[in-house]
Amino acid sequence: MSTSIPVIELSAVTKRFGRFNAVSDVTLGVSRGEVVGFVGANGAGKTTTISMLLGFLNASSGDVRLFGQMVRPANAHVSHRRIGYAAGDMELPGQLTGAQYLRLLRAAGSVEQERYDELIKRFSPQLGKKIQTLSRGNKQKIALVAAFLTDPEVIILDEPTSGLDPVMQETFLEMIRDCKRRGKTVFMSSHYLQEVMQVCDRVVLMSQGRIVEDVQTSQLLAMGGKQVSVTTGYRPTKPPKGAQEVFSEFADDVLHLSFVFKGDPGELQRWVAAIKQLRDIEISEYNLEEAFKSLYQPEATS
Amino acid sequence: MMRSVFAKTLYDKRSFMLGWGIGLAALGALMVSFYPAMHQDGTIDALVANMPEAFKGLIGNLEDLRSFDTYLASQLFDIRLTLIVGIMAIVLGLSLSVADEEKGELRTLLSLPLSRSRVVRQKWLGMVTVLLVTLLGLAAGIYGVMPFIDGASIEPQQMLRLFAMTALMMVACGTIPFAVGIATGKRALATGTAVLAIIGSFILSTFGQAVDWLTDYERLSLLHYFPAVEIVKGSIDLVDVAVLGGLTVLLLAVAFVRFRQRDVA
């Protein structure tokens, strides 16, 4: 259940490293209770954006606010009392055991024993071994327990499921659903659209440091369509109106035509019926992953 | 036990403390046990008469070998310990600053509700504690062997002065790489500055007595403010305390200010 109170706000935020703009003019708001997925390819600027939210990095220009307060490295710890954070490549103190690390966290913030026990039961992390001896997945379990430990108002996650096995990924997604039911705000970056679509209300797509799409998950679901591949001996055959990602090739007196169609199915049916010298046709569901890819890599797919 | 960054630092560095503590204990014990062989009066008189002034900086003034307190101050504290402790302080200062940042552990710490000032403060206090514990190892080594060595005795006040100034110098040496590392996050800069300051000081002080044109620059050496033989003979010069203490405070202040503002990779 989301309300309009923004807990995360980025206004015209830019982050430059030398001459390179890692994040360019990003404006984004996340309301209390929203679960927002932050998706993009490697190097899109997701981690840099999250690093500014957490006060690890200064914005070169623009405002970064959490709970209405401007975030700066010097005061970021104030908002961290209300935030849980985990990253897929998070470097936990290797010399400590999982239990010792979680004890350090419990000393830094208030943690109820019941909450601690529940998380340990859910994620089953290996607490007795030194963190540096654990596998990536087991380290990640400890990072996730740490993120949820204080039952924070806002959970910020940077590719949280990398390294987790499918069972643990599902446990994590169930945890996010649980947070959503309890009105928590979640902002999570991911490479996996399916993962984001399963739990997020909204998906923000980043490419080359800019936000290129900011859509409700329901809208994204409607972006799916039909992948149509046709083989015909009639060379002048044209795709139907509104076809996307059209590919055509004429070889050995045969035209191979493929496209994505997101319009009225009746229209597609009429177009198929009108094809001359039809040799072969294949119509399949257009993968949402592909649909999403097309949003941020139009030059690669068109 | 693991309730603060300070406690975590001590826990992380427990092997370091043990290893360097044992090493310094061994050094102290060995240097005390060498004393009878070094202070045979007749030999020293002949050596003193023939030794060029230039060598004094390298091997110490042989006059100092006549009594145990000055022998210990010149041969252990002045010549050997400063270099060894300097290297130890560089290693420790770098590992608690840039190494933690390079590994990504600093970022993880900063994701907790801990202010940057608190993290720096507790890490620095951890560093100081580690250095002091290793210094206790040295004391254990010296006092462990002293009762068994003929003529090896030193007043507690003398020892206290030596250890107090050694501790101050160790902390200043450790603070250089730590503060530069914390302020910039740059390993090369932190290492370079520390090596220049600490190893440079050692070279400047040891060769300063032999090379004429270096004499004027000897005041730039950190070791100029740690005259071990003078400390054991008389009292602590407050100027030395002010310089070493002031340098430490200044570096820490810069580190605090810069770290509160800068990006953490």
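Remember, predicted model here, so these are calculated numbers, not experimental data.

Scoring rules and cut-offs
Per-chain numbering applies: the sequence of each chain, read as written, is numbered from 1 onward. Chain A is the first chain written and ligand 1 is the first ligand written, with later ones labelled in order. Local features in this predicted model are restricted to residues of pLDDT 70 or higher, and side-chain atom pairs are both shown and tallied only at a pLDDT of 80 or more, whereas totals for entire chains, interfaces and linings draw on every residue. Only heavy atoms go into the side-chain values, all of them from the structure, while hydrogens and water stay out. Helix and strand definitions here come from DSSP, where helices need a minimum of 4 consecutive H or I residues and strands a minimum of 2 consecutive E residues; each element is numbered from the N-terminal end. Contacts between residues were defined by any pair of non-hydrogen atoms, one from each residue, lying within 4.5 Å. Buried area is a sum: the accessible area each of two parts loses on coming together, probed at 1.4 Å, counted once for each and added. What counts as a salt bridge is simple: a side-chain nitrogen of Lys or Arg found within 4 Å of a carboxyl oxygen of Asp or Glu. Counted as a polar contact is a pair of N or O atoms within 3.5 Å, where, for protein atoms, one must be capable of donating a hydrogen and the other of accepting one, and residues adjacent in sequence contribute only when both atoms are in side chains. Nonpolar residues are Ala, Val, Leu, Ile, Met, Phe, Trp, Tyr, Cys and Pro. Charged residues are Asp, Glu, Lys and Arg, and all others, Gly as well, are polar. Residue exposure (1.4 Å probe, protein chains only): buried if accessible area is under 20% of the type maximum, exposed if over 50%, otherwise partly exposed. At least two DSSP bridges between two strands are required for those strands to pair. To get the bend at any residue, fit one axis to the seven residues that end at it and another to the seven that begin at it, then take the angle between the two axes. Note on method: axes are straight lines fitted to C-alpha atoms, helices fitted across the in-contact stretch only, with angles between N-to-C directions ranging 0 to 180 degrees. For Phe, Tyr and Trp, where Trp contributes only its six-membered ring, two rings pair if their centres lie within 6.5 Å, and the inter-plane angle classes them as stacked under 30 degrees, edge-to-face over 60, or tilted in between. In this scheme, the term charge over a ring applies when either NZ of a lysine or CZ of an arginine sits within 6 Å of the ring centre and within 35 degrees of the ring normal. Values of pLDDT, which run from 0 to 100, indicate the predictor's confidence residue by residue.

Undergrad: Where do I start with the overall build of chain B in this structure?
TA: Across its full length, chain B carries 12 helices and zero strands. Traced from its N-terminal end to its C-terminal end, chain B shows the element sequence α-α-α-α-α-α-α-α-α-α-α-α.

Undergrad: Explanation requested: the interface of chain A and chain B in the structure shown.
TA: Interfaces are frequently sized by the accessible area removed from exposure as the parts join. Contacts between the two partners involve 27 residues from chain A, matched on the other side by 27 residues from chain B. In total, chain A and chain B occlude about 2,500 Å² of area from one another, counting both sides; carbon and sulfur atoms represent 57% of this. By the criterion of area lost to chain B, the three top residues of chain A are Phe56(A), Glu91(A) and Leu104(A), representing 24% of everything that side buries. For the pair chain A and chain B, the interface holds one salt bridge. For the pair chain A and chain B, the interface holds 14 residue pairs in polar contact (both at pLDDT 80 or more). Every element with two or more residues in the side of chain A that touches chain B is listed here: helix H2 (76–80) and helix H3 (98–108) of chain A. Per element, the largest residue contribution to the side of chain A that touches chain B is seven residues, and it comes from H3(A). Here the side of chain A that touches chain B is composed, by residue class, of 14 nonpolar, eight polar and five charged.

Undergrad: Is there a simple way to explain the side chain of Glu105(B) in this structure?
TA: For Glu105(B), the position within the fold is in helix H7 (residues 105–110). Residue Glu105(B) is classed as buried on the basis of its relative accessible area of 10%.

Undergrad: I would appreciate a short explanation of the pairing of strand S6 (residues 83–87) of chain A in the present structure.
TA: Every other side chain in a regular strand lies on the same face of the sheet, so the side chains alternate between the two faces. Residue and element names in this part refer to chain A. Along S6, five of the five residues are buried, which leaves the element largely enclosed by surrounding structure. Neither face of S6 is exposed, since Ile 83, Tyr 85 and Ala 87 on one face and Gly 84 and Ala 86 on the opposite face are all buried. For S6 and strand S7 (residues 154–158), the ladder comprises five bridges, and the chain directions are parallel. Counterpart to Ala 87 in the pairing with S7 is Asp 158.

Undergrad: Just checking my understanding: could you explain helix H6 (residues 68–103) of chain B for this structure?
TA: The α-helix winds at 3.6 residues per turn, so residues separated by three or four positions along the chain end up facing the same way. Residue and element names in this part refer to chain B. When the local axis directions of H6 are compared, the greatest deviation, roughly 50°, occurs at Leu 81. Of all the 36 residues making up H6, 28 are buried; the element is thus mostly covered by neighbouring parts of the structure. Two residues or fewer past H6, Gly 104 is found with a positive phi of approximately 95°.

Undergrad: Just to check I follow, could you spell out the sheet that holds strand S13 (residues 254–261) of chain A for this structure?
TA: Sheets are built from strands paired through backbone hydrogen bonds, the pairs being either parallel or antiparallel. Residue and element names in this part refer to chain A. One open sheet holds the four strands; their spatial order is S12-S13-S11-S14, and the pairing between them is antiparallel. Each having just a single partner strand, strand S12 (244–251) and strand S14 (278–285) make up the two edges of the open sheet. Averaged over neighbouring strand pairs, the angle between their axes works out to 10° when direction is ignored. Strand direction decides the pairing type here: strand S11 (residues 226–232) and S14, joined by seven bridges, are antiparallel. Across the sheet, the residue bridging to Val 228 is Ile 283, located in S14. Packing against the sheet, helix H9 (residues 265–273) makes contact with S11, S13 and S14, and its axis sits at approximately 175° to S13.

Undergrad: Would you mind showing me how to read unusual backbone geometry here?
TA: One can expect most non-glycine residues to show negative phi and most peptide bonds to be in trans. All names here are of chain A. Phi at Gln 208 is positive, roughly 50°, even though this residue is not glycine. With a phi close to 50°, Asp 252 is a non-glycine residue in the positive phi region. Relative to the helices and strands, Asp 252 is located in the loop between S12 and S13. What makes Asp 252 exposed here is its relative accessible area of 74%.

Undergrad: Looking at this model, I keep getting lost on the environment of Leu157(A). Mind explaining?
TA: Residues and elements named next belong to chain A. Structurally, Leu 157 is set in strand S7. Leu 157 sits in the buried class, given a relative accessible area of 0%. Sequence-wise, Leu 157 and Asn 21 are 136 residues apart; in three dimensions their C-alpha atoms are separated by 23 Å. Apart from the residues within four sequence positions on either side, Leu 157 is in contact with Ile 50, Ala 86, Leu 144, Ala 147, Phe 172, Ile 176, Val 186, Phe 187, Met 188 and Ser 189.

Undergrad: Where do I start with the packing of aromatic side chains in this structure?
TA: Given two aromatic rings, their pairing is described by the distance between the two centres and the angle made by the two planes. All names here are of chain B. On inspection of all chains with the given rule, the structure shows 10 aromatic pairs over all chains. Seen from their ring centres, Tyr 35 and Phe 68 are 5.1 Å apart, and the 80° between their planes marks the pair as edge-to-face. With Tyr 35 in helix H3 (residues 35–38) and Phe 68 in helix H6, this pair connects stretches of sequence that are 33 residues apart. Each member of the pair Tyr 35 and Phe 68 is classed as buried. Ring geometry for Trp 213 and Tyr 217: centres 6.5 Å apart, planes at 75°, overall edge-to-face. For Trp 213, a relative accessible area of 61% corresponds to the exposed category. Cluster of aromatic residues (ring-pair linked, three or more members): Tyr 35, Phe 68 and Tyr 71. If you follow Arg 14 out to its NZ or CZ, it ends over the ring of Tyr 11, 4.0 Å from the centre.

Undergrad: Which parts of the structure should I look at to understand the confidence of the model for chain B?
TA: Residue and element names in this part refer to chain B. In the predicted model, chain B carries a mean pLDDT of 89, and the fraction of residues at 70 or more is 90%. Across chain B, the secondary-structure element scoring lowest on mean pLDDT is helix H5 (residues 56–59), at 59, and the one scoring highest is helix H12 (residues 238–259), at 97. The ipTM assigned to the predicted complex is 0.82, against a pTM of 0.83.

Undergrad: I'm lost on the environment of Arg210(A) in this one. Help?
TA: Residues and elements named next belong to chain A. Note on placement: Arg 210 falls in strand S10 (residues 210–216). For Arg 210, a relative accessible area of 46% translates into the label partly exposed. Considering only alpha carbons, one finds Arg 210 and Cys 179, 31 residues apart in sequence, at a separation of 28 Å. The contacts of Arg 210, once residues within four sequence positions are left out, are Ser 24, Asp 25, Val 26, Ala 44 and Leu 205.

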